[in-house]
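Take a look at the letters that make up each chain.
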Amino acid sequence: QVQLVESGGGLVQAGGSLRLSCVASVRTFRDYVMAWFRQAPGKEREFVATIDGRGGRTDYGDSVKGRFTISRDNGKNTVALQINSLKPEDTAVYYCGLGSIFSTRKIHYGYWGQGTQVTVSS
């Protein structure tokens, strides 16, 4: 059974940084594409970033390009999201997803973690 567990969220002032992590309980982590999505209250779940199995290909949502960096450590079954220059509009629950296709669409990720809350104060 696949399990994803996120951590690292919190309350931070605008301009600050956070590092989110997600640990996956799968046998061959490197075989899977990993992604981060976020969901603010009353809004749809929004694509943030994705990384392929080897870590050589990444993609980002337009609103986070240049501020967020996704990375993975296949030896530790983890994917991380470094978030810099936080803005109040980044406030959301951040979810990591696991899938088989390099995609920006949430439909391509079949497994999700429980989410971690990021709150940015102005």
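Before reading further, recall that the structure is shown in the block above.
Participant: Which residues make up the packing of aromatic side chains, and what values do they have?
Facilitator: Under the criterion given, the structure shown has 4 aromatic pairs. When the centroid spacing of 5.6 Å and the interplanar angle of 70 degrees are considered together, the rings of F37 and F47 count as edge-to-face. Residue F37 is located in strand 4 (residues 33-39), and its partner F47 is located in strand 5 (residues 46-51); the two are separated by 10 residues in the primary sequence. By the burial criterion, F37 is buried, and F47 matches it. Every member of this aromatic cluster is reached through a ring pair, and the members are F37, F47, Y109 and W112. Sitting over the face of the ring of Y95, R45 holds its NZ or CZ atom 3.7 Å from the ring centroid. The side chain of R45 reaches across the aromatic face of W112, ending 4.8 Å from its centre.

Participant: Got a sec to walk through the state of the cysteines? Specific residues and values, please.
Facilitator: A covalent bond between the sulfur atoms of two cysteines is referred to as a disulfide. Applying the stated rule across the entire model yields 1 disulfide. Residue C22 pairs covalently with C96 via a disulfide, S to S 1.9 Å. Between C22 and C96, the S-S dihedral sits near 40 degrees, and the bridge is therefore right-handed. Of this pair, C22 sits in strand 3 (residues 18-24) while C96 sits in strand 9 (residues 92-99), and the two are 74 residues apart along the sequence. With respect to class, C22 is no different from C96; both count as buried.

Participant: Quick one: what's the story with the nonpolar core, residue by residue and with numbers?
Facilitator: Among the nonpolar cores identified, the biggest contains 27 residues, and M34, W36, V48, I70, L81 and Y94 are the most heavily contacted of them. Those elements giving two or more residues to this core turn out to be strand 3, strand 4, strand 5, strand 7 (68-73), strand 8 (78-83), strand 9 and strand 11 (116-121). Each residue touching V48, except ones within four places of it in the same chain, is listed here: W36, F37, R38, D59, Y60, G61, V64, F68, L81 and Y94. By size, the runner-up hydrophobic cluster in this structure holds 5 residues, among which are V33, A35, F47 and Y109.

Participant: Give a detailed account of the pattern of salt bridges, specifying residues and quantitative values.
Facilitator: All chains considered together, the criterion is met by 5 salt bridges. Note that R38 is salt-bridged to E46, the shortest N-O span being 2.8 Å. For E46, a relative accessible area of 34% corresponds to the partly exposed category. When the shortest N-O distance is used, the salt bridge between D90 and R67 registers 2.7 Å. With D90 in the loop between strand 8 and strand 9 and R67 in the loop between strand 6 (58-60) and strand 7, this residue pair connects regions lying 23 residues apart in the sequence. On the accessibility criterion, R67 (10% relative accessible area) is buried. Three or more residues are tied together by salt bridges with common partners; here these are R38, E46, R67 and D90.

What counts and how
Residues numbered from 1 in each chain as written. Predicted model: local features only at pLDDT ≥ 70, side-chain atom pairs only at ≥ 80, totals over all residues. Heavy atoms only, no water. Phe/Tyr/Trp six-rings, centres within 6.5 Å; stacked < 30°, edge-to-face > 60°. Helix = DSSP H or I, 4+ residues; strand = E, 2+ residues; numbered from the N terminus. Buried < 20%, exposed > 50% of the residue type's maximum accessible area, 1.4 Å probe, protein only. Lys NZ or Arg CZ within 6 Å of the ring centre and 35° of its normal. Disulfide = S-S within 2.5 Å. Core = buried A, V, L, I, M, F, W, Y, C linked by side-chain atoms within 4.5 Å. Contact = heavy atoms within 4.5 Å. Salt bridge = Lys/Arg side-chain N within 4 Å of Asp/Glu carboxyl O.

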